[in-house]
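# Tertiary structure, described
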Amino acid sequence: MKFGKEFSSQMVPEWHEAYMDYEYLKSLLKDITKFKRKNNPHGQHLRRKSTVYRTFSGLLSKSGRRRHPHGAPILVHSASHGYETTFLMAAEAGGEYETVFFRRLDDEFNKVEKFYKEKVDEVMKDAVMLNKQMDALIAFRVKVEHPDGWPWKERTVEMTRLASDVDISTAAVAASTPAGARSSNDTSRLSAARPSPIEVLDRVKINNTKETPRSTIKSVLKPSNPELKFSRYNLKRVEEKLRRAFVEFYHKLRLLKSYSFLNVLAFSKILKKYDKVSKRNATKSYMKMVDNSYLGGSDEVIRLMERVEAMFIKHFTNANRTKGMNILRPKAKRERHRITFSTGFLGGCMFSLVVALFAIIRTRNILQEEGQKQYMNTMFPLYSLFGFIVLHILMYAANIYYWTRYRVNYSFIFGFKQGTELRYRQVLLVGFSIGVLALLCVIANLDMDVDPETNDYKGLTELLPLILLIGLFIVLVLPFNIFYRSSRLFFLTCLFHCLAAPLYKVTLPDFLLGDQLTSQVQALRSVQFYICHYGWGDYKLRQNTCTDSDTYNAFLFIVAVVPYVCRLLQCLRRLFEEKNAEQGYNGIKYFLTIVAVCLRTAYSVDKDNQFVWRMLAGIFSAIAAIFCTYWDLVLDWGLLNRTSKNRWLRDKLLIPQKKVYFIAMILNVLLRFAWVQTVLDFNFSFMHKQTMVAVVASLEIIRRGIWNFFRLENEHLNNVGKYRAFKTVPLPFNYDEDDDKDN
């Protein structure tokens, strides 16, 4: 792989613009090459001819290497705005091209070094805060372990030893290296001005992050901060929070270390290319400046990493270095061949079963049988649930593939634990597995119905979809570490947060899942039909009175609006916390959708006043669809910007083909208005009503899949604009700032 591609692949996506622009500098070198070829058309022949004698070049030089007769062609010095390079050969032919190259090279270096300094300053401030948090944690541990108290002198001595043990060991490590000797002042800055350890607890309180319904209700009724309670339960919570904070902080340090290394390597590579093109020797002089600069010579990040490792291993893994480093540096997930093979195999099986299903239906003329209408009204809604689930999973897998291709950091945006996120092949494996099981049940159902020898198993036949649904639910909630446990737990947690809105703080994964649920209304109604069909109907004879039940029809309204109510409550929670009027308008959007859904449901249920319900449903559905479409395109996708350099799009786009965005906008509008079918009652002779309902529901799932890609692309670009590449982890302790200022 060429260095340019490798350099781009290893960048932190959110910092892309802060890296050295390697491709742009390469284009400047191409200008130099073009000029030299133009003015020396025989240069290529001479270079090719000189290679014949390259083997004997060591006989003509003492060192065996050719030296430029004029020495270094550049002079690098510091200026008020950063480093500046003077090109000493500007008077030569083509010198203006090389002058431009070094001017742009300086601009890139100063940009990179400035950004690096800012980020190092940020992590140093974070280190000071984490140091204070560790002081409080150590004191808290002592209070929990010895609730009756120690003698004052023994307690102070023990606390001082615990708090300073890591500092002493780390200082020893730092002092053993030349770099550590040069910057010992920075290490002392982190541990200086530490108060008497046991007195720390008099100045801190436990942060109330409102992470549970109980804490949310208590914060509303009693907004004051809770007092410190020295219990093992609180100690465990504090340790878990601080542990996550250290892992995330160490991740920051690793990214900064990688940023420094990659950029220094990029400058070395581009200068070697320059030397090769220009036949000069500028690399040594310029790289000497790079190595002595803050970017190349500073070792604060490395020393801070050593200190974090020592502190984390000592206080969070009981001095087990292997365990501690596995937590701090989780191994990258490797693509396994068996996953690829299984995905392809199940995908082929699913395709074959679909072909077999159509062949069975056509050859046995099942659609023309007397029980066709009964089958479509009872069994089809049961099996269509799995179709909706599989389609949504396949759309999600496609999203992951394109997010990865266009370097959208979806794992960071969703907040997945590092190393646990699923790749698109794994998601496809899940979708194909469910699809194969569902199709096998459908074919078995049809075969048992048609074959006279298997009619005795009528009860078992009808129970197949229920057995499959229960099996999938059991796998979803399994507590064992199999079948992607971390991903299942993440999904269930977000689902519970959605249903418990607004009792939980709203995060991006929570409201994104809420949006997915709004596109699965028909699937939720299928679950309702399962309960009615198997609970109150005679499933052995495929008979039920669900549609004639007032209770069932009432739940059609409730089930349909639950996802929209959850999103409305999430918007109200964010409006209350963030004081952002935009969340209020977003809530109005979901309220209008709730009204439209209720009116469309009333139109389909009430056969007596259909004209009135049709008019009201059409009006409110149109208003809601227009509002939602505007919100999708302008606010969620960030498009339709007239002043953008990409007219009607955004300033920054990840997909180079602009027509893709216009196609996506048109599809979003068309699919948004798929509800028109439910109001105007489009009927096709070749399509049953239940089939039409499934098609409309599938179109909404496809629209949501398209929406997902551009929604996360916009979120990613917002993170890029703010260079936001780290998660904000809540700290367990809150220091009294007034006391800090006084001290």
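Structure: above.
Nothing here was measured: the structure is a model prediction, and the numbers come from that model.

Parameters at a glance
- Residues numbered from 1 in each chain as written.
- Predicted model: local features only at pLDDT ≥ 70, side-chain atom pairs only at ≥ 80, totals over all residues.
- Heavy atoms only, no water.
- 1 Å grid on protein atoms, 1.4 Å probe; cavity = no way out; pocket = protein on both sides within 12 Å on 5 of 7 lines; lining within 4 Å.
- Points joined across faces, edges and corners; volume = space filled by probe spheres on them.
- Helix = DSSP H or I, 4+ residues; strand = E, 2+ residues; numbered from the N terminus.
- Nonpolar A, V, L, I, M, F, W, Y, C, P; charged D, E, K, R; others polar.
- Salt bridge = Lys/Arg side-chain N within 4 Å of Asp/Glu carboxyl O.
- Buried < 20%, exposed > 50% of the residue type's maximum accessible area, 1.4 Å probe, protein only.
- Phe/Tyr/Trp six-rings, centres within 6.5 Å; stacked < 30°, edge-to-face > 60°.
- Lys NZ or Arg CZ within 6 Å of the ring centre and 35° of its normal.
- Disulfide = S-S within 2.5 Å.

This brings us to empty space enclosed by the protein. Per the counting criterion, the structure on display carries four cavities of 30 Å³ or more. Along the walls of the largest cavity sit ten residues, with Ala 127, Phe 246, Arg 307, Val 308 and Met 311 positioned nearest its centre. Taken together, the elements giving at least two residues each to the lining of the largest cavity come down to helix 4 (95-145), helix 9 (232-278) and helix 12 (300-316). If you tally residues by element for the lining of the largest cavity, the top one is helix 12, at four residues. Residues belonging to the lining of the largest cavity are distributed by class as follows: eight nonpolar, one polar and one charged.

Moving on: the pattern of salt bridges. A complete count under the given rule lists 24 salt bridges for this structure. Between Arg 672 and Asp 632 there is a salt bridge, with the nearest N and O atoms lying 2.9 Å from each other. With Arg 672 in helix 25 (residues 659-672) and Asp 632 in helix 24 (residues 610-636), the pair connects residues that are 40 residues apart, well separated along the chain. By the burial criterion, Arg 672 is buried, and Asp 632 matches it.

So, on to the packing of aromatic side chains. Applying the stated criterion to the full structure yields 38 aromatic pairs. Measuring from centroid to centroid gives 6.3 Å for Tyr 406 and Phe 709, while their planes differ by 70°, and the two rings are edge-to-face. Taken together, the residues span a long stretch of sequence, with Tyr 406 in the loop between helix 15 (372-405) and helix 16 (410-414) and Phe 709 in helix 27 (residues 689-721) at a distance of 303 residues. Given the relative accessible area of 17%, Tyr 406 is considered buried. Ring-pair connections join several aromatic residues into one group, and the members of that group are Phe 3, Phe 7, Trp 15, Tyr 19, Tyr 22, Phe 115, Tyr 116, Tyr 259, Tyr 294 and Tyr 723. The lysine or arginine in question, Lys 143, covers the ring of Phe 230, its NZ or CZ lying 5.2 Å from the ring centre.

Scanning the model with the defined rule gives one disulfide in all. Here Cys 532 pairs with Cys 546 through a disulfide, and the sulfurs are 1.9 Å apart. Here Cys 532 and Cys 546 share a disulfide; its torsion about the S-S bond, -115°, makes the bridge left-handed. Placement of the pair is Cys 532 in helix 21 (residues 521-535) and Cys 546 in the loop between helix 21 and helix 22 (550-578), with a sequence separation of 14 residues. The thiol of Cys 498 is unpaired, and the distance to the nearest cysteine sulfur, on Cys 566, comes to 6.4 Å.

Any functional reading would require information that these geometric values do not contain.
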